[in-house]
Amino acid sequence: MHRTLCARAIACAFAVSSVAPAVARAQADAIYVTPLTRDEASVVQPASVLRGDELRRRQASSLGDTLDRVPGVQSSGMGPGASRPVIRGQDAPRVRVLDNGLGTMDVSSISPDHAATVETLGATQVEVLRGPATLIHGGGAIGGLVNVVSKRIPRERMQGVAGAAEVRLGGAARELTGLVDLNGGTGGFAWHVDAFSRDAGDYDGRRGRVFNSFVESKGANVGASLVGDRGHLGLGLQVLDSFYGVPAGEFARIDMNRDRYELEGELRDPLPGFSRIRARFARTDYRHSEIEQTGEVATRFENNGTEGRLELAHRAIGPFNGVLGVSGHGRRFSAVGEESFLQPVHSRGHALFLVEEARAGNWRFELGGRMERERHRPDAASGLPERSFSPTTWSGGATWAFMPGYSVAATLTRAQRAPAIEELYANGPHAATATFERGDNTLGKEVSRNLDVNLRKTAGAWRWKAGVYANRFRNYVFGEAGGTVDDTGTADPAGEFTLVNYRQANARFRGFEAELTWRPQGAWGARLFADSARGRLEGIGNGNVPRMAPSRIGLEGTVASGAWSAFASLLRVMRQDRIAQAQETATPGYTRLDAGLQYRIGHGGQAATTLFVQANNLLDQDMRVHTSFIRDAAPLPGRSITAGVRATF
């Protein structure tokens, strides 16, 4: 069925391309998720944006694997179906994943084997903010933020029809992926339609096939907008289905479905004294079943939620320009079945935030604050107490352009995070991680104080950015490993589960990130990056934070000549032996070499066909991801080759 869907989508796209007129495209230069900033170079906070050919080269079936070459970002390594991004050693409830600026409202932060429900196929760009991004998006972004920007709701006028189609085949999992992406409009009406299908079997590792690592997914997006001279108003719908295996534990399979409805509008110059008003609202219906090898459904998860945001940007008041905003969200979570380690919980929250910017000569200052209210209310039958929290966040930053093309930026943030529902209420076995989790409903707010200092060169053929950070947590929530237990939580030396108790302690994180790029006017280009992170818990064992991301250094190069272009990427991941002795073992380092080649055939105007081939892990290394719970059972894929064709018109 998947192969038929792919073939029909590609055929349809080629048929349309033969008659479609050219359509003007808007270049997505701005970082969509930060209302005050204009582009990546002007962000006070450390940021990276993937778009264009760079994004297409890195696209994988999971968000974590797509982003694992961004400085400061690694993958959680939970297999092709579920890997999430890990930012500066922070994961799960401290890294917020957004879809067009609003939360995904899935259950990926509750457990590492649950997928983040965003798809980068067809995305215009993926934005990454490292360090606290809590002023706009709350305590769930206390460690960082990832926003996937799509064309689901058009924001610009279009005339005629344009689009793209792509098919890929091969790789370590013998994957077949197809995508069709169409955009069009007339006058003030613009529309978008896309669909994709992915069919990948169990992949081959360096030492053999990794059982239960398959991924089968398909989805579609439909949207339309009324676009005027001063803004737009649009609706969007996304349908996503995914069926994937977890290559460890009891080798469960997860059958996931997600429907998302969006409303978005923006009006420029809405009132005297204000430059823009922007409103976004999303409703998500999420459900997944965890299926045992026998075919029986062990647990059913549901998460139905809504989220909205209203931002009002004011014109200059003295030296200040800024954005005042309100946001709110609500969700009802439930998990029913033999491995339900969480009782049903109804959560609500709302927030008020203000971000202000001032300029003085070569200086730019940014100040902001956020006040929010979060409430978790378990079902009465559970006997668990309701908890309410009132986190606040304050941030200040400055950028000094001390000479043309050079700047230094510093940000100081004090942020608070309310404990997540799994940290408060978990009580039961979790097969994917082979743990028995016990929450603590008396946990208090987590407090983070973060300092980021970055030096940047943003003009010329040679560009670079380098930064250091230090983060001190008070009441940092973590899972402390105890002995082995059975599936009831009773101590058992031969038990199949490790007891994990959620508790709080003070913690410190520090590290650096650096990136150097060379992009001359000619056909060559190069990129060198390095990152390192260190995390310590105070008064806990040897102090090492479990599954801390290892240090890395990477080198990439590109070259183009006429219709041909090529790239090569070399990544060295260092040995990680700073381990929490009760929970983990050291992971050896490895060297990964990837390369690719493509040939572009122009058809006049914007129409073109591109043939491409990409080879991954050419050295056929046995690569283990230290941040992963399942690294012993699921190494990264071995040597593989993928080929494909992409058409644009």
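Remember, predicted model here, so these are calculated numbers, not experimental data.

Caption draft 1: Expanded view of the nonpolar core. Counting 39 residues, the largest nonpolar core has I110, Y244, F333, L342 and I421 as the members making the most contacts within it. Element by element, the count of residues in this core is highest for helix α5 (residues 421-425), at three residues. When neighbours within four sequence positions are excluded, I110 is seen to be in contact with R331, F333, F341, L342, I421 and E422. In terms of nonpolar packing, the next biggest core, distinct from the first, is built from 15 residues, L63, I87, V126 and V128 among them.

Caption draft 2: Fine view of the environment of Q159. By secondary structure assignment, the location of Q159 is in the loop between β7 (144-149) and β8 (160-170). Using a relative accessible area of 42% as the deciding quantity, one classes Q159 as partly exposed. Taking C-alpha positions, Q159 is 4.9 Å from T186, a pair spaced 27 residues apart along the chain.

Caption draft 3: Quick look at the environment of D259. Assignment of secondary structure puts D259 in strand β15 (residues 253-268). In sequence terms D259 and D285 are 26 residues apart; their C-alpha atoms lie 5.3 Å from each other. In contact with D259, other than residues within four places in its own chain, are Q238, V239, R283, T284, D285 and R287.

Caption draft 4: Representation of the environment of T558 in the model. Looking at where T558 falls in the secondary structure, it is placed in strand β30 (residues 552-561). Spatially, the C-alpha atoms of T558 and L597 are 9.8 Å apart, while their sequence positions differ by 39 residues. Those residues within four positions of T558 in sequence are excluded, and the remaining contacts are R57, A523, W524, G525, A566 and F567.

Caption draft 5: Molecular detail of the side chain of K457. Assignment of secondary structure puts K457 in strand β26 (residues 446-457). Lacking a salt bridge, the buried K457 has E515 as its closest oppositely charged neighbour, with an N-O distance of 14 Å. Within the structure, the side chain of K457 is placed 2.7 Å from the backbone oxygen of W462, a separation counted as a polar contact. Those residues in contact with K457, other than ones at most four positions away along the chain, are G405, Y406, W462, R463 and W464.

Caption draft 6: Representation of the pattern of salt bridges within the structure. Applying the stated criterion to the full structure yields 54 salt bridges. A salt bridge links R417 to E446; the shortest N-O distance between them is 3.0 Å. Within this pair, whereas R417 is found in strand β23 (residues 406-417), its partner E446 is found in strand β26, the two being separated by 29 residues in sequence. Across this residue pair, the class does not change: R417 and E446 are buried. The salt bridge involving D620 is made with R639; its shortest N-O contact spans 4.0 Å.

Caption draft 7: Molecular detail of the sheet that holds strand β6 (residues 125-130). Pairing in this open sheet of five strands is mixed, and the strands run β1-β6-β7-β4-β5 from one edge to the other. Since the sheet does not close on itself, it has two edges, and those belong to β1 (47-51) and β5 (102-103), each with one partner. Bridge count between strand β4 (residues 95-99) and β5: two bridges; the pairing is antiparallel. Within the sheet, the bridge partner assigned to L98 lies in β5 and is G103.

Caption draft 8: Looking closely at unusual backbone geometry. At R174, a residue that is not glycine, the phi angle is positive and equals roughly 55°. Structurally, the position occupied by R174 is in the loop between β8 and β9 (175-186). Although it is not a glycine, D620 adopts a positive phi angle of roughly 50°. On the secondary structure map, D620 appears in the loop between β33 (608-616) and β34 (640-648). On the basis of relative accessibility, which here comes to 19%, the residue D620 falls in the buried class.

Caption draft 9: Examining a negative patch on the surface more closely. Negative charge collects at one region of the surface, where E250, E296, E338, D487 and E496 lie side by side. Turning to its location among the elements, E250 is positioned in the loop between β14 (231-245) and β15.

Caption draft 10: A look at a nonpolar patch on the surface. Taken together, the side chains of L310, L324, V326, L352, L354, M371 and W394 make up a nonpolar region of the molecular surface, amounting to roughly 610 Å² of accessible area. The set of elements that each furnish at least two residues to the nonpolar patch consists of β18 (320-337) and β19 (345-360). Within the secondary structure layout, V326 lies in strand β18. Looking at V326, the relative accessible area reads 38%, which means it is partly exposed.

Caption draft 11: Geometry of the packing of aromatic side chains. This model, assessed by the stated rule, comprises 13 aromatic pairs. Aromatic pair F301 and F333: ring centres 6.1 Å apart, planes at 50°, arrangement tilted. Here F301, found in strand β17 (residues 297-317), pairs with F333, found in strand β18; they are 32 residues apart in sequence, far enough to count as distant. When sorted by exposure, F301 lands in the same class as F333, which is buried. Members of the aromatic cluster, joined through ring pairs, are W363, F365, W400, F402, Y406 and W464. The ring centre of Y476 lies 3.9 Å from the NZ or CZ of R94, which sits over that ring. Its end group placed over the ring of F629, R547 keeps NZ or CZ at 3.9 Å from the ring centre.

Cut-offs and rules
Residues numbered from 1 in each chain as written. Predicted model: local features only at pLDDT ≥ 70, side-chain atom pairs only at ≥ 80, totals over all residues. Heavy atoms only, no water. Core = buried A, V, L, I, M, F, W, Y, C linked by side-chain atoms within 4.5 Å. Buried < 20%, exposed > 50% of the residue type's maximum accessible area, 1.4 Å probe, protein only. Helix = DSSP H or I, 4+ residues; strand = E, 2+ residues; numbered from the N terminus. Contact = heavy atoms within 4.5 Å. Lys, Arg positive; Asp, Glu negative; His and termini not counted. Salt bridge = Lys/Arg side-chain N within 4 Å of Asp/Glu carboxyl O. Polar contact = N/O pair within 3.5 Å; in protein donor to acceptor, adjacent residues only side chain to side chain. Pairing = 2+ DSSP bridges. Patch = residues over 30% accessible without salt bridge, like charges linked within 9 Å, V, L, I, M, F, W, Y side chains within 5 Å. Areas by Shrake-Rupley, 256 points an atom, 1.4 Å probe, with all protein chains shown as cover. Charge placed at Lys NZ, Arg CZ, Asp CG, Glu CD. Phe/Tyr/Trp six-rings, centres within 6.5 Å; stacked < 30°, edge-to-face > 60°. Lys NZ or Arg CZ within 6 Å of the ring centre and 35° of its normal.

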